[in-house]
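Observations on the model geometry
Given next are the chains, with one letter for each unit.
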Amino acid sequence: MGLKDAEKRELIVRRAAQELRDGYYVNLGIGMPTLVANYVPAGVQVILQSENGMLGVGPFPLAGEEDADLINAGKETVTEVPGTAYFSSADSFGMIRGGHIDLSILGAMEVDEEGNLANWMVPGKVVKGMGGAMDLVAAARRVIVAMEHTTKRGEPKLLPRCTLPLTGLKVVDTVITEMGFFRITPQGLVLEELAPGISIEQVRQATAANLKVSEDVKTWQI
Amino acid sequence: MNKVVASSMEAVADIAPGSTLMIGGFGLCGIPENLVAALVTRRVTGLHTIANNMGVDGYGMGLMLEAGMVDSHIGSYVGENKLLEQMAIAGKVTVTLIPQGTLAERIRAGGAGIPAFYTPAGVGTLVAEAKETREFEGKTYLMERWLKADFALIKAWRGDRQGNLVYRKTARNFNPMMATAARITIAEVEELVEPGELAPDAIMTPGIYVKRIVKGEKYERRIERRTLRSV
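Residues numbered from 1 in each chain as written. Chains lettered and ligands numbered in written order. Predicted model: local features only at pLDDT ≥ 70, side-chain atom pairs only at ≥ 80, totals over all residues. Heavy atoms only, no water.

This part covers the confidence of the model for chain B. In the predicted model, chain B carries a mean pLDDT of 96, and the fraction of residues at 70 or more is 100%. Among the prediction metrics, the complex's ipTM stands at 0.97, with pTM recorded as 0.97. (pLDDT = per-residue confidence, 0-100.)

Further remarks concern unusual backbone geometry. Glycine aside, the phi torsion of most residues is negative, and most peptide linkages are trans. All names here are of chain B. Of note, Ala130 is a non-glycine position whose phi angle comes to about 65°, a positive value. Counting through the fold element by element, Ala130 comes out in the loop between strand S5 (116–119) and strand S6 (133–136). One non-glycine residue, Asn173, lies in the positive phi region at around 30°. Residue placement: Asn173 occurs in the loop between strand S9 (165–166) and helix H6 (175–180). (Helix = DSSP H or I, 4+ residues; strand = E, 2+ residues; numbered from the N terminus.)

If charged atoms from side chains of opposite charge come close, those side chains can pair. The final tally for this structure, using the stated rule, is 28 salt bridges over all chains. The shortest N-O distance in the salt bridge between Arg153 of chain A and Glu155 of chain A comes to 3.8 Å. Residue Glu155 of chain A is classed as partly exposed on the basis of its relative accessible area, which comes to 36%. The shortest N-O distance in the salt bridge between Glu191 of chain B and Arg158 of chain B comes to 3.1 Å. Taken as a pair, Glu191 of chain B in strand S10 (residues 182–193) and Arg158 of chain B in strand S8 (residues 149–160) lie far apart in primary sequence, 33 residues in all. If you follow the salt bridges from partner to partner, you end up with Arg15, Glu19, Arg142, Asp173, Arg183, Glu192 and Glu193 of chain A in one network. (Salt bridge = Lys/Arg side-chain N within 4 Å of Asp/Glu carboxyl O. Buried < 20%, exposed > 50% of the residue type's maximum accessible area, 1.4 Å probe, protein only.)

It is worth spelling out the nonpolar core at this point. In terms of nonpolar packing, the biggest core is built from 49 residues, with Val111 and Leu117 of chain A touching the most fellow members. Listed in part, the 40 residues of the second largest apolar core include Val127 of chain A together with Leu21, Leu142 and Ile186 of chain B. (Core = buried A, V, L, I, M, F, W, Y, C linked by side-chain atoms within 4.5 Å.)

Here the focus is the pairing of strand S10 (residues 143–146) of chain A. On a regular strand, one side chain projects to one face of the sheet and the next to the other, so that they alternate. Residue and element names in this part refer to chain A. A two-sided burial pattern is seen for S10, the buried positions comprising Val143 and Val145 on one face and Ile144 and Ala146 on the other. Two strands pair when backbone bridges link them, and strand S5 (residues 103–106) and S10 are joined in this way by 3 bridges, in the parallel orientation. Bridged to Leu106 within S10 is Val145. For S10 and strand S12 (residues 174–176), the ladder comprises 3 bridges, and the chain directions are parallel. Looking at S12, one finds that Ile144 is bridged to Thr174. (Pairing = 2+ DSSP bridges.)

Below, the structure written as structure tokens:
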């Protein structure tokens, strides 16, 4: 569809940022989801949680300010903001499992019609580990998957049924890709919004899951 | 009471082959770099390690792996360590990956005398295989058991001769729980002070959990991903 990877990602994270609400405590997954922090809407204050033990994650440091003791869950150097708090991994996952995180935004290899999510391993090929993803998706109040619509080889990632080992069972609420905004409902996968310049037919062609289209589907405006 | 040992080598001198070790840190942040280096010098083999990560290729626990010291590993993420990924796929090291929160809580439970607990993490996944599940208030949970170890190697920022510890920023991570869950906990610190110098309200790990404390010989404080913003 002509967009470069970086352009796709920007489109996805900009739309994902529109889901932030003032006062939310939010956990952003490693990689693309981390970029959502760059597009927090004006007038909205969110507090970012990093599962390695920090609430109130600030931007990357300026050169010379980096501190080996201050990283995010992606092992990137970060900074404090006024109000930052540190805690242990046990406390961190206590607040996650306890349902205190309003929103978890994370990436995926596959999502299916039931909201099942796979993002931690490819048997015999990739063994990276689930990190905190299984805890987050099991207990965050809302789970948004922010991912590219297809694999690098152009294969659909929105499937009737996940084929890879699952990260969570019926956990995904919303999927945002460079093609559209989707909700997982009791009736299955519903296309609610199209990305600019994308048609319903294009989405269908790139989606293996049975796709329902909302009656008032529209193109998102950012 | 004096728990201070003179060197990292002395601190790990009695760790025998086949021991189970908890090793603190998240990525390379808050790892007991001097104790791990001493262990690598001693080439203790057949170890069973419990740690969130496995260092990186060529540094930290990655060196233990390269030296063939590790038989099995329990952790949550090994994405930075290509060698471990290869060894795991080839079956040379038994790697058990579990959710990070489950890992943290199993260690906490081990130190707190709680043999098992129920968690929602991993229900319906490979993690749930052969584990008991139970429904509470309409939701399914997985039973997970405590983890304990022969030794815990941990890192704190400041500590006193009685083993009271204070951690700094996100270098706290798994260190406080691990301190509680081993038969012998060995803490390395950047600053070793006299009892009374740490504010009692600020102590994060009370000394009861710490058997030995050593001032780390040298801190490289390596950064795994130096990410910067421009002005």
